[in-house]
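Coordinate analysis (summary)
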Amino acid sequence: MYDKITPPTTGEKITFKNGEPVVPDNPIIPFIRGDGTGIDIWPATEKVLDAAVAKAYNGKRKISWFKVYAGDEACDLYGTYQYLPQDTLTAIKEYGVAIKGPLTTPVGGGIRSLNVALRQIFDLYACVRPCRYYAGTPSPHKNPEKLDVIVYRENTEDIYLGIEWKQGSEIGDRLISILNNELIPATPEHGKKQIPLDAGIGIKPISKSGSQRLVRRAIKHALQLPKAKQQVTLVHKGNIMKYTEGAFRDWGYELATSEFRNETVTERESWILGNKEKNPNISLEENARMIDPGFDALTPEKKAQIVQEVETVLNSIWTSHGDGKWKEKIMVNDRIADSIFQQIQTRPDEYSILATMNLNGDYLSDAAAAIVGGLGMGPGANIGDSCAVFEATHGTAPKHAGLDKINPGSVILSGVMMLEYMGWQEAADLIKKGLGAAIANGEVTYDLARLIEPPVEPLKCSEFAEAIIKHFG
Ligand SMILES: NC(=O)C1=CN([C@@H]2O[C@H](COP(=O)(O)OP(=O)(O)OC[C@H]3O[C@@H](n4cnc5c(N)ncnc54)[C@H](OP(=O)(O)O)[C@@H]3O)[C@@H](O)[C@H]2O)C=CC1
Ligand SMILES: O=C(O)CCC(=O)C(=O)O
Ligand SMILES: [Mg+2]
């Protein structure tokens, strides 16, 4: 079955039932070490995960690691250009849950991203990136502890579909010609727009099914959170791109108010219901005026639409959601992408789950990680319905590779997410406790040490792993 790798002789497969993993006590888990700093981070991560599992379960549970190859390491073993060998894909498919270090992607030309390829091959449609603060972590922000968000990023569409034509290429030029001469003139709303003849072309597809399965998972996750964090914010740039970004928002609301009608309330619905609660005799028009501050300046048609919206909400959900019952539901709201970047800095405690399309979520997850301590503290998971691959938000940070210096925190915390996904909460909790205590004690790698006042001597990558284990207690 495998060409150059051999699975461990002990251990069993993780299987999936209704999209959830069924985990034996001795699962076999494939891992990819990763390029660049992966060489430093992976051994530190493995050590911490093994120590936590051993301590939490006294030997009753154990992970059998299965080394598989991707990136530079794969080319060394399998030959030139064998960046993602079939062995690796077979192993991840067979064992279902895997963890990886970062992999290099060249800019401008060369191979397409291996990281993205893995997400697409296994249809890992939700990229889940929690950003929460560990006490003592230095941060450029005054109150980083107020940020506790989970970026739920769509992981297969938008720029990840990767459909592009190079400037000057035959097909690219043909496409521009068809667009300029046939399709744009045939669409009156595009007016006299024309694509510059020397443009490269990229296509940004956003599907209803892709958007809704992401939002569905985000809402299900919100249902597991404490009451105060039960909120899903749909992030989009729908004011500019209406049929992709705007549609993502609309499909998100549509899903929330159909599949999860009893569990959710939208922000606008909450205003309408709240207005009636404060003033039971409020007219439909007055209510409409209160939810739309520019109401009086609107056209009669638009005013009628909003009045109709108010009436529909009151008729359809007053009984189930009115009289304050909506306060017990998951709040679904939306924010325009540029605004959410400033909102997570100025009003961080108002947000919880941020459901995004691919590119917005890429930016947002790095930015949110920066608030809570930087990319060394940014874990992640790529989740599908029959497979999950855990990996950090950051890349290979090549200038720090091989120096035993980099912060392994993000991959270790990705391991924590993996343990939680497997239901091994006790081991996950031990690592969070150890990591929190190490940071609070000033035992940190260079990235955090340089921000602490007064400065502390940084630990090596491997020493940080040992400090975490020491603080398991
Ligand atoms: N999923 C993946 O595997 C990803 C892969 N990549 C790939 O990684 C390569 C390098 O990308 P690049 O843009 O440099 O981004 P990186 O995320 O690799 O690194 C950028 C900077 O972030 C900081 N950083 C990154 N990782 C850590 C860490 N573990 N601990 C502390 N600080 C960290 C460092 O800052 P400083 O030097 O200031 O300390 C580093 O120089 C590219 O080929 C890219 O495509 C990128 C993102 C994700
Ligand atoms: O695959 C890459 O090189 C980049 C991926 C990335 O930036 C991400 O997953 O956040
Ligand atoms: Mg990124």
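For every chain, the first residue of the written sequence is number 1, and numbering continues from 1 onward in sequence order. Chain letters and ligand numbers both follow the written order, the letters beginning at A and the numbers at 1. Since the coordinates come from a predicted model, pLDDT governs what is reported: local features require at least 70, and pairs of side-chain atoms require 80 or more to be given and counted, while whole-chain, interface and lining totals use all residues. As a rule here, side-chain values come from all non-hydrogen atoms in the structure, and water together with hydrogens is ignored.

The helix and strand tally for the protein stands at 16 helices and 15 strands. Taking 473 residues into account, the globule formula puts the C-alpha radius of gyration at 23 Å, and the protein, at 25 Å, falls close to it. If one aligns the C-alpha atoms of the protein with their principal axes, the spans along those axes are about 70 × 60 × 50 Å. In the protein, buried positions account for 51% of the 473 residues. The contact definition used throughout considers only heavy atoms, calling two residues in contact when any of these lie within 4.5 Å. Within the protein, contacts between residues separated by at least 24 positions form 74% of all contacts whose residues are at least 6 apart in sequence. Every accessible area reported is derived by Shrake-Rupley at a probe size of 1.4 Å, with residue values counting cover from the shown protein chains alone. For the protein, the accessible surface area stands at approximately 21800 Å², while carbon and sulfur atoms represent 53% of it. When charges are tallied, Lys and Arg are placed among the positive residues and Asp and Glu among the negative ones, while His and the ends of the chain are skipped. Lys charges are placed at NZ, Arg charges at CZ, Asp charges at CG and Glu charges at CD. In the protein, 53 side chains carry a positive charge and 60 a negative one; their mean positions are 2 Å apart. A run of DSSP states H or I qualifies as a helix once it reaches four residues; a run of E qualifies as a strand once it reaches two. Both are numbered from the N-terminal end. Atoms counted for the radius of gyration: C-alpha only. Globule rule: 2.2 Å times residue count to the power 0.38. Burial status follows relative accessibility: with a 1.4 Å probe on protein chains alone, a residue under 20% of its type maximum counts as buried, one over 50% as exposed, and anything between as partly exposed.

Let us look at the UniProt feature "modified residue: N6-acetyllysine" (unreviewed entry) in the protein. UniProt positions are given in the numbering used here, feature names are shortened, and annotations may be inferred rather than shown by experiment. On the UniProt side, "modified residue: N6-acetyllysine" (unreviewed entry) is annotated at positions that read Lys142 here. For Lys142, the location among the structural elements is in the loop between β6 (126-132) and β7 (148-154). The class of Lys142 is exposed, set by a relative accessible area of 81%.

Splitting the protein by domain gives domain 1 (1-127 + 378-472) and domain 2 (164-202). Domain delimitation follows an automatic or database domain assignment. Computed over C-alpha atoms, the centres of domain 1 and domain 2 are 43 Å apart.

All right, on to the site of ligand 1 then. We call a residue near a molecule or strand whenever a single non-hydrogen atom of that residue lies within 4 Å of it. Taken together, the neighbourhood of ligand 1 is formed by 23 residues, with Gly395, Ala397, His400, Asn407 and Tyr446 sitting nearest. Polar contact is defined as a pair of N or O atoms within 3.5 Å, subject to the rule that within protein one atom must be able to donate a hydrogen and the other to accept it, and that residues adjacent in sequence are counted only when both atoms are side-chain atoms. Within the contact set of ligand 1, an oxygen atom lies 2.8 Å away from a backbone nitrogen or oxygen of Gly395. Backbone polar atom of Ala397 to an oxygen atom of ligand 1: 2.7 Å apart, as the coordinates give it. Here ligand 1 loses 71% of its free accessible area of 880 Å² to cover by the protein chains.

Right, let's talk about helix α6 (residues 208-224) for a bit. With 17 residues, α6 should cover 24 Å at 1.5 Å per step; its first-to-last C-alpha distance of 25 Å lies within 8% of that length. Turning to α6, its buried residues are Gly210, Ser211, Gln212, Leu214, Val215, Arg217, Ala218, Ile219 and Ala222. Expected span, for any helix, means 1.5 Å times one less than how many residues it has.

Let us look at the packing of aromatic side chains. For Phe, Tyr and Trp, where Trp contributes only its six-membered ring, two rings pair if their centres lie within 6.5 Å, and the inter-plane angle classes them as stacked under 30 degrees, edge-to-face over 60, or tilted in between. Scanning the entire structure with this criterion turns up eight aromatic pairs. Ring plane angle 90 degrees and centroid distance 6.1 Å describe the contact between Phe31 and Trp65, whose orientation is recorded as edge-to-face. Residue Phe31 is found in strand β3 (residues 28-32), and its partner Trp65 is found in strand β4 (residues 64-68); the two are separated by 34 residues along the sequence. Of the two residues examined, Phe31 and Trp65, each falls in the buried class. Ring geometry for Tyr57 and Trp424: centres 5.7 Å apart, planes at 70 degrees, overall edge-to-face. Taken together, the residues Tyr57 in helix α1 (residues 38-57) and Trp424 in the loop between α13 (409-422) and α14 (425-440) connect sequence positions 367 residues apart. Neither Tyr57 nor Trp424 differs from the other in exposure class; each is buried. Of the aromatic side chains, those joined through ring pairs into one cluster are Tyr2, Phe66 and Tyr95. We call a charge positioned over a ring when the NZ of a Lys or the CZ of an Arg lies within 6 Å of the ring centre and within 35 degrees of the ring normal. Across from the ring centre of Tyr134, 4.3 Å away, lies the NZ or CZ of Arg132, which sits over that ring. The lysine or arginine in question, Lys405, covers the ring of Tyr446, its NZ or CZ lying 4.4 Å from the ring centre.

What follows covers the UniProt feature "binding site: Mg(2+)" (unreviewed entry) in the protein. The residues that UniProt annotates with the feature "binding site: Mg(2+)" (unreviewed entry) are Asp362. You can see Asp362 is positioned in helix α12 (residues 358-371). For Asp362, a relative accessible area of 27% puts it in the partly exposed group. Among all residues touching Asp362, those that are not within four sequence positions of it are Arg129 and Arg153.

The buried count for β7 comes to six of seven residues, which makes it a mostly enclosed element. Note: β6 against β7, seven bridges, orientation antiparallel. Looking across to β7, one finds that Pro130 is bridged to Ile150. We treat two strands as partners when DSSP finds at least two bridges between them. As judged from the four bridges shared by β7 and strand β13 (residues 353-356), these two strands associate in the parallel manner. What sits directly across from Tyr152, in β13, is Ala355.

Another aspect to go through is the pairing of β3. Here β3 lies mainly inside the structure; five of its five residues are buried. The two faces of β3 match: Ile28, Pro30 and Ile32 on one face and Ile29 and Phe31 on the other face are all buried. In the sheet, β3 pairs with β4 via five bridges, with the strands oriented parallel. Opposite Ile28, over in β4, you have Ser64 as the bridge partner. Crossover connection from β3 via α1 to parallel β4: handedness right-handed. Seen with its strands pointing away from the viewer, a crossover is right-handed when the path leading from the first strand over the helix to the second is clockwise.

All right, on to the environment of Arg174 then. By secondary structure assignment, the location of Arg174 is in helix α5 (residues 170-183). C-alpha separation for the pair Arg174 and Gly19, spaced 155 residues apart in sequence, amounts to 43 Å.

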